[in-house]
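So the chains spell out like this:
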Amino acid sequence: MKKCVLTVIFSIFLVLNVFGQEFIMDNTKLFGSEVFGTYNYFESKRIDYYQYLRKPYNVKSKGKPAKKNRTYERLDFTINSVALYSKNVKYKEKADKESFPNCKMYYASNDQLYYDYNPEREDIYENPIFHENGKLWNVLLKDEEDPEVERFVVWDKDGNTIMDKAYLPKMETHQWVSHPKYGSGLVDYIPAKKPSFYPSDSYLNFPTEREQLMDWRSDNKAYYYGYNHLGTFMNNVFGYSITGFLLPTAFKLGNGSVVFLEDEVNKKNYWAVILDQEIKFTIEAKATEKPNIVELNEQTDVEVYKPHLAKMVSKNIKTLNGYGINLIPQDNIKAGDGIFMEVGFFKNGKLHGIGYRTKMFTIKDRYGDLLTIDACYGMFENGQPKNVKYIKANNEKTDKNFWDAIPFDGFNYVGEKSKDLFSGFSNIKLTQLKTSDEIYIEKINRVAKIKSINPQDNSITVFTDNPNIFTKLDKNSGPIYVNETFRANDYASCPKTIKVPVYAEKNETYFVPAEYKSNSYVVKGVYYDKHVTTSSYKPAEVASKKVRYIEKHVDNVCPRCNGTGYVVNGETNKNYWKNIQF
């Protein structure tokens, strides 16, 4: 059954809808990965599979296992359950350049060449593999138009390209970068002139039912087309594609971007702000507005200094009219500890239309990174916010959710849902509240203190994250709860069962060794002493006795907790949340 996932996403929580503009509150991870901190969500480990296509198994000669350091006229083996053979080779499990498995391989079914090995080639991937019908399957190629990179290309049996991925020389994915201001280090960046196209491993949460949303992608959960910093990510699980600047989706590079979104199930297109891998704002778009990846790359300058520091600027940013980006490093406490970014649509070099603007920097304390953010997203006009949501944080831990659209002024982030909510019999009236009571706001999963109770309009005013902003809550604010404390038993966990030994008896034989005793003594006489020696001997024998042993262990109900799994461990203060009736 096909799932219209994007429709679900867009209808979960619509904060505002003005002329096709929608602010959205949702927790669906578009890239399928909870891990932040790197922009390269779209990496592919599929290359490992093609390495295994060059490793033989079950090597035999005339039905018998091959022996080391022997030369054979023919060796038969399998790779990926396909029957293959090689001719006139010396068998070695760890081969040099002139011995098995570094040799030509053929299909046993039709003698077609499978693996064209040449000892002069430096990398095993430079030795091509062919399909059983003779068509080229996969090989690592030098790119004459782009000598800084190599390309690993894979074709299907009909000659269609299904993977074309750029690598640095010797299949490297990282390069050493030095900068006079930001220092040196390895960065995961490949400066390819042509886009790559390959299956992506980024989507990890696979559905239980296979969904045939797009036939040509049905065997893969996601594909990526483009460069390290911009491209098109095609998610076959949700049935959507996003195209545009993807480098700033890295957490410390902005954790978001403006992209062209294609809902391939409902045949609709949008420009969308994505933050923290989630759709936050959309406006409807035409299919013709989709960016051309090659042209967009030519129009964008990119420098990557560190895994979490980069510069990415549209070449004509000061006069730009249209889709573009201005991502530059910032210096706060130290060089390169933050960024400033504007991404979206520009008019005369200023944000105009859908956009995302952020200034953020990170400092470290002994507990980890602390983040400061001053950002907004939505619609801009001549560089000024027009219809936007704001994101604010001041030295906050990075695991907090600053990114959802918050419907109440003064609160900077969404918290975690409480597990102690009550309703019905535990409701409380507004007149029973008192100032300084703690209340829980379910829409944003946040706790706040009551500043004032307003019976005249049946509302309460609460303190927020900003000491200068107070927010009024009423029946239109969603479920609100008040915290109450009571004395209750404190419990400690206890095993429900214990292991009890069961004893049994058995006769056990044992060997008693022979025993020889000798005793000498002197008898005093009148004229002389007499020396006397006596001895005794007990022969060896086999004896038996009854012994008690543990025959087995059985599970008995724990006598301490009577099988409940917990015991009372004194009393403690406990809290629970009672629903406020406005």
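For the structure itself, look to the data block above.
In this text, all values refer to a predicted model and were calculated from it rather than measured experimentally.

Caption draft 1: Geometry of the pairing of strand 28 (residues 384-397). The sheet contact formed by strand 27 (residues 368-381) and strand 28 spans eleven bridges and is antiparallel. Within the sheet, the bridge partner assigned to I373 lies in strand 28 and is A393. Taking the residues that link successive antiparallel strands as the turn, the strand 27-strand 28 hairpin has two residues, and the phi of N382 there is positive, at about 50°.

Caption draft 2: Just the sheet that holds strand 32 (residues 459-463), in detail. In space, the seven strands of this open sheet follow the order 29-39-34-30-31-32-33, with mixed pairing throughout. The two strands at the open ends of the sheet, each matched to only one other strand, are strand 29 (428-429) and strand 33 (470-473). Inspection of the sheet shows strand 30 (residues 438-441) paired to strand 34 (residues 480-493) by three bridges, in the antiparallel sense. When the sheet's bridge partners are listed, I441 is paired in strand 34 with I480.

Caption draft 3: Expanded view of the packing of aromatic side chains. For the coordinates displayed, the defined rule picks out 21 aromatic pairs. Between Y91 and F100, the aromatic rings sit 5.7 Å apart at their centres with planes inclined by 40°, giving tilted as the arrangement. For F100, a relative accessible area of 2% translates into the label buried. Summarising the aromatic geometry, the rings of Y491 and Y566 are spaced 5.1 Å apart at their centres and angled 85° between planes, so their arrangement reads as edge-to-face. Separated by 75 residues along the polypeptide, Y491 in strand 34 and Y566 in strand 39 (residues 566-581) bring together distant segments of the chain. Look at Y491 and you get partly exposed, because its relative accessible area is 40%. Take Y566: its relative accessible area is 43%, and that puts it in the partly exposed class. The ring of Y549 has K506 lying over it, and the distance from NZ or CZ to the ring centre is 4.8 Å.

Caption draft 4: Seen up close, the nonpolar core. Formed by 47 residues in total, the largest nonpolar core has its most connected members in Y356, I373 and Y377. Of all hydrophobic cores here, the second largest spans 44 residues; its members include M163, Y224, F238 and Y270.

Caption draft 5: Local environment of the sheet that holds strand 26 (residues 350-365). Taken in spatial order, the seven strands make up an open sheet running 22-23-24-25-26-27-28, and their pairing is antiparallel. Across the chains shown, the open sheet's two edge strands, defined by having one partner strand only, are strand 22 (300-306) and strand 28. Across the sheet, the mean angle from the axis of one strand to that of its neighbour is 10°, orientation sign disregarded. Judged from the 13 bridges that link them, strand 26 and strand 27 form a sheet pairing that is antiparallel. Across the sheet, R357 pairs through a bridge with C376, a residue of strand 27.

Reading guide: rules and limits
Residues numbered from 1 in each chain as written. Predicted model: local features only at pLDDT ≥ 70, side-chain atom pairs only at ≥ 80, totals over all residues. Heavy atoms only, no water. Pairing = 2+ DSSP bridges. Helix = DSSP H or I, 4+ residues; strand = E, 2+ residues; numbered from the N terminus. Phe/Tyr/Trp six-rings, centres within 6.5 Å; stacked < 30°, edge-to-face > 60°. Buried < 20%, exposed > 50% of the residue type's maximum accessible area, 1.4 Å probe, protein only. Lys NZ or Arg CZ within 6 Å of the ring centre and 35° of its normal. Core = buried A, V, L, I, M, F, W, Y, C linked by side-chain atoms within 4.5 Å. Axes fitted to C-alpha atoms, helices over the stretch in contact; angles between N-to-C directions.

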